[in-house]
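Each chain, written out:
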Amino acid sequence: FSCQLVADEVKTWFNNFYRKEEPFFLYVAFHEVHSKIASPENMIQNYPHATKKDAEYFANVENMDYASGKILDELKSRGLLENTFVIFASDNGPYRNGSSGNLRGLKGEVYDGGIRVPGIVYWQGKIEGGQINETPAGLIDVLPTLAEACNFELPNDRKIDGTSLVPLFTNKQLERKTPL
């Protein structure tokens, strides 16, 4: 299953290329949950009341969640989790019914179910856990957010799209100069 291979590659990267004295940026992209779905049988069995296709899909999400946990465990075992900014997000809504909750639409559609996705941000000691914020944001906001979080000045010789989301982490109002 590809998500497990990707998680294993993260560990390989740490073992072979990580340097304690240097900051790092690690972008991890899972193929799950894209068609064609392949999921471990033991996880499919966790959804006995779902249709076969839905059970495979839900198990695929669960398998990706497990792989994400392996990466977080790797950060923790190296003492890096307390000083690492972690973002988990998707690029679009689901292609199967059931994952978009009560939102209308799926992947490839402009309805909320096709474009609204959860985003999870972890930054120990900086973001209080358990918060839910409904402010619209996008992956376009990642660069300005990371720059502010790392006290890095963005270049001023070009237009940078997006807005830093750091104010949201302390329950402040987000002010966009240009519409999302």
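Please refer to the structure higher up on the page.
Computed from a prediction, not measured in an experiment: that's the story for all the values here. (Residues numbered from 1 in each chain as written. Predicted model: local features only at pLDDT ≥ 70, side-chain atom pairs only at ≥ 80, totals over all residues. Heavy atoms only, no water.)

Phe-14, Phe-30, Ala-67, Ile-71, Leu-75 and Leu-80 are the most contacted members of the largest nonpolar core, which has 13 residues in total. By size, the runner-up hydrophobic cluster in this structure holds 10 residues, among which are Ile-127, Leu-146, Ala-149 and Leu-168. (Core = buried A, V, L, I, M, F, W, Y, C linked by side-chain atoms within 4.5 Å. Buried < 20%, exposed > 50% of the residue type's maximum accessible area, 1.4 Å probe, protein only.)

Helix packing for two helices is described by the angle between their axes and how far apart those axes are. Taken N-terminus to C-terminus, the directions of helix H1 (residues 2-16) and helix H3 (residues 52-77) make an angle of 10 degrees; their axes are 8 Å apart at the nearest point. Classified by the interaxial angle, the pair formed by H1 and H3 is roughly parallel. Note on element contacts: H3 touches H1 through Asn-63, Met-64, Tyr-66, Ala-67, Lys-70, Ile-71, Glu-74 and Leu-75, opposite Cys-3, Gln-4, Ala-7, Asp-8, Val-10, Lys-11 and Phe-14. For the contact of H1 with H3, the per-class residue count stands at nine nonpolar, two polar and four charged. (Axes fitted to C-alpha atoms, helices over the stretch in contact; angles between N-to-C directions. Helix = DSSP H or I, 4+ residues; strand = E, 2+ residues; numbered from the N terminus. Parallel < 35°, antiparallel > 145°, perpendicular 65-115°, else oblique. Contact = heavy atoms within 4.5 Å. Nonpolar A, V, L, I, M, F, W, Y, C, P; charged D, E, K, R; others polar.)

Our next topic: the packing of aromatic side chains. Scanning all chains against the criterion turns up 11 aromatic pairs. Look at Phe-14 and Phe-24: their rings are 5.5 Å apart centre to centre, the planes differ by 85 degrees, and that puts the pair in the edge-to-face class. Here Phe-14, found in helix H1, pairs with Phe-24, found in the loop between H1 and helix H2 (41-44); they are 10 residues apart in sequence, far enough to count as distant. Counting every residue linked through ring pairs, the aromatic cluster contains Trp-13, Phe-14, Tyr-18 and Phe-24. (Phe/Tyr/Trp six-rings, centres within 6.5 Å; stacked < 30°, edge-to-face > 60°.)

What follows deals with the side chain of Ser-68. Inspection of the secondary structure assignment puts Ser-68 in helix H3. Ser-68 sits in the buried class, given a relative accessible area of 14%. Each residue touching Ser-68, except ones within four places of it in the same chain, is listed here: Phe-30 and Phe-88.

Limitation: the analysis is restricted to geometry and does not speak to function.
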